Amino acid sequence: MVSRYNSRDLQAKQDLIRSSSFFEGINTGTVERVTAHVVLRNHEANQVILLENDWGNSVYFILEGWVKIRTHNLDGKEITLNILGQGELFGEMAPLDEVPRSTDVMTLVPTIIGNMPSQDFVDLIHSEPLAGIRLAQLMARRLRQVNRRLRLREADSTARVVDILLFLADGQGTTGEGGLKIPNLPHRELSSLSGLARETVTRVLSKLEKKELIRRDRDVMWIPNLEVLDNMLL
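Model, not experiment: these values are computed from the prediction.

Draft legend 1. Geometry of the sheet that holds strand 3 (residues 58-64). The strand order across the open sheet built from four strands is 1-8-3-6, with neighbouring strands paired in antiparallel fashion. In this open sheet, the two strands that pair with only one neighbour each are strand 1 (39-43) and strand 6 (89-90).

Draft legend 2. Expanded view of the domain arrangement of the chain. Split by domain assignment, the chain resolves into domain 1 (7-151) and domain 2 (154-231). Between the C-alpha centres of domain 1 and domain 2 there is a distance of 24 Å. Contact with domain 1, which involves 18 residues of that partner, is made by 14 residues of domain 2. At the boundary of domain 1 with domain 2, the tally comes to one salt bridge.

Draft legend 3. The pattern of salt bridges, seen in detail. On inspection of all chains with the given rule, the structure shows ten salt bridges. With a closest N to O distance of 3.1 Å, glutamate 88 and arginine 141 form a salt bridge. Of the two residues, glutamate 88 sits in the loop between strand 5 (78-85) and strand 6 while arginine 141 sits in helix 5 (residues 129-151), which places them 53 residues apart along the sequence. Several salt bridges converge on common partners, so that one network encompasses Lys68, Arg70, Glu78, Asp104, Arg188 and Glu189.

Draft legend 4. A look at the sheet that holds strand 12 (residues 220-223). Taken in spatial order, the four strands line up as 9-10-12-11 in an open sheet, and their pairing is antiparallel. Edge positions in the sheet fall to strand 9 (174-176) and strand 11 (215-216), since each of these pairs with one other strand and no more. In this structure, strand 10 (residues 179-183) lies alongside strand 12, joined through four bridges in antiparallel fashion. Within strand 12, the position partnered with isoleucine 182 by the bridge is methionine 221. Strands strand 9, strand 10 and strand 12 of the sheet are contacted by helix 6 (residues 157-172), whose axis makes an angle of about 95 degrees with strand 10.

Draft legend 5. Representation of the packing of helix 4 (residues 118-127) against helix 5 within the structure. Two elements in contact, helix 4 and helix 5, have axes whose closest approach is 5 Å; the angle formed by their N-to-C orientations is 105 degrees. As the angle between them shows, helix 4 and helix 5 are arranged roughly perpendicular. Contact with helix 4, carried on its side by Phe121, Leu124, Ile125 and Ser127, involves Pro129, Ala131, Gly132 and Leu135 of helix 5 and no other residues of that element. Considering only residue class, the contact of helix 4 with helix 5 consists of six nonpolar, two polar and no charged.

Draft legend 6. Representation of the packing of aromatic side chains within the structure. This structure, assessed with the given rule, holds five aromatic pairs. Taking 6.0 Å as the distance between ring centres and 35 degrees as the angle between the ring planes, the aromatic pair formed by phenylalanine 22 and phenylalanine 121 counts as tilted. In this pair, phenylalanine 22 sits in the loop between helix 1 (7-18) and helix 2 (28-34) while phenylalanine 121 sits in helix 4, placing the two residues 99 residues apart along the sequence. Take phenylalanine 22 and phenylalanine 121: they sit in the same class, and that class is buried. When the centroid spacing of 5.2 Å and the interplanar angle of 25 degrees are considered together, the rings of phenylalanine 23 and phenylalanine 61 count as stacked. Residue phenylalanine 23 is located in the loop between helix 1 and helix 2, and its partner phenylalanine 61 is located in strand 3; the two are separated by 38 residues in the primary sequence. On the basis of relative accessibility, which here comes to 0%, the residue phenylalanine 61 falls in the buried class. Through successive ring pairs, a cluster of aromatic residues spans Phe22, Phe23, Phe61 and Phe121.

Draft legend 7. Looking closely at the layout of surface pockets. A volume near 820 Å³ is recorded for the largest pocket. If you go around the largest pocket, you meet 36 residues; those closest to its centre are Ile69, Leu81, Asn82, Ser102 and Thr103. Secondary structure elements with two or more residues in the lining of the largest pocket: strand 5, helix 3 (93-97), helix 5 and helix 7 (187-194). If you tally residues by element for the lining of the largest pocket, the top one is helix 5, at seven residues. For the lining of the largest pocket, the class distribution of residues is 19 nonpolar, nine polar and eight charged. Both domains that meet at the lining of the largest pocket, namely domain 1 (7-151) and domain 2 (154-231), each give it at least three residues. Roughly 240 Å³ of volume is contained in the second largest pocket. As for the second largest pocket, its lining consists of Glu64, Gly65, Trp66, Gln86, Gln172, Gly173, Thr174, Lys181, Ile182, Pro183, Asp219 and Val220. In terms of residue count, strand 10 provides more of the lining of the second largest pocket than any other element does, three residues in total.

About the criteria used
Residues numbered from 1 in each chain as written. Predicted model: local features only at pLDDT ≥ 70, side-chain atom pairs only at ≥ 80, totals over all residues. Heavy atoms only, no water. Pairing = 2+ DSSP bridges. Helix = DSSP H or I, 4+ residues; strand = E, 2+ residues; numbered from the N terminus. Domains from an automatic or database assignment. Contact = heavy atoms within 4.5 Å. Salt bridge = Lys/Arg side-chain N within 4 Å of Asp/Glu carboxyl O. Axes fitted to C-alpha atoms, helices over the stretch in contact; angles between N-to-C directions. Parallel < 35°, antiparallel > 145°, perpendicular 65-115°, else oblique. Nonpolar A, V, L, I, M, F, W, Y, C, P; charged D, E, K, R; others polar. Phe/Tyr/Trp six-rings, centres within 6.5 Å; stacked < 30°, edge-to-face > 60°. Buried < 20%, exposed > 50% of the residue type's maximum accessible area, 1.4 Å probe, protein only. 1 Å grid on protein atoms, 1.4 Å probe; cavity = no way out; pocket = protein on both sides within 12 Å on 5 of 7 lines; lining within 4 Å. Points joined across faces, edges and corners; volume = space filled by probe spheres on them.

Take a look at the structure:
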């Protein structure tokens, strides 16, 4: 669903997209120019935004909500590769490589996304060194997260679930009164991320909750002390 804006709402929309951490420190005039053609869209939960093998004509900035990056194995089983939230972007590789999309992207909750024309994004990377550095940092962080998860694939179930929580905290954690806040994902998503059976994930989360290492609300999970969870992997 495409949002419609009056002049006041349009300014709010522009302020929202320009508040993305990706643009922090970049010249204001440059940001205004490259975001001039961004279209803001509201998406319902469980809506597919991108399909694997589509050609890329936009880069997407998450302004509110959560999406999952997924693919499928040879047996057709869905595999969740990543979870992205506010301030993140996706779809940036296809226009840079000039190749089709390599994954699907689906919303997990109602989500607001800013669609930037691919050419505007490519022009920004070519003309603004800081934007190129930001993109390189983003790629490095995602690669570091994947490497960490691969190293723990043979660990016990508790370590693997804890690692996924730390993975989400690293990418999507925000600080609040109850500690660090991350999305309280459906257990099937945590199962796909960790490679564990859903029943195993449920059992481990219940154990962590009884030990007061996590606290769960409907949409949010709180980690009171991130260091304690981190030490469980040592």
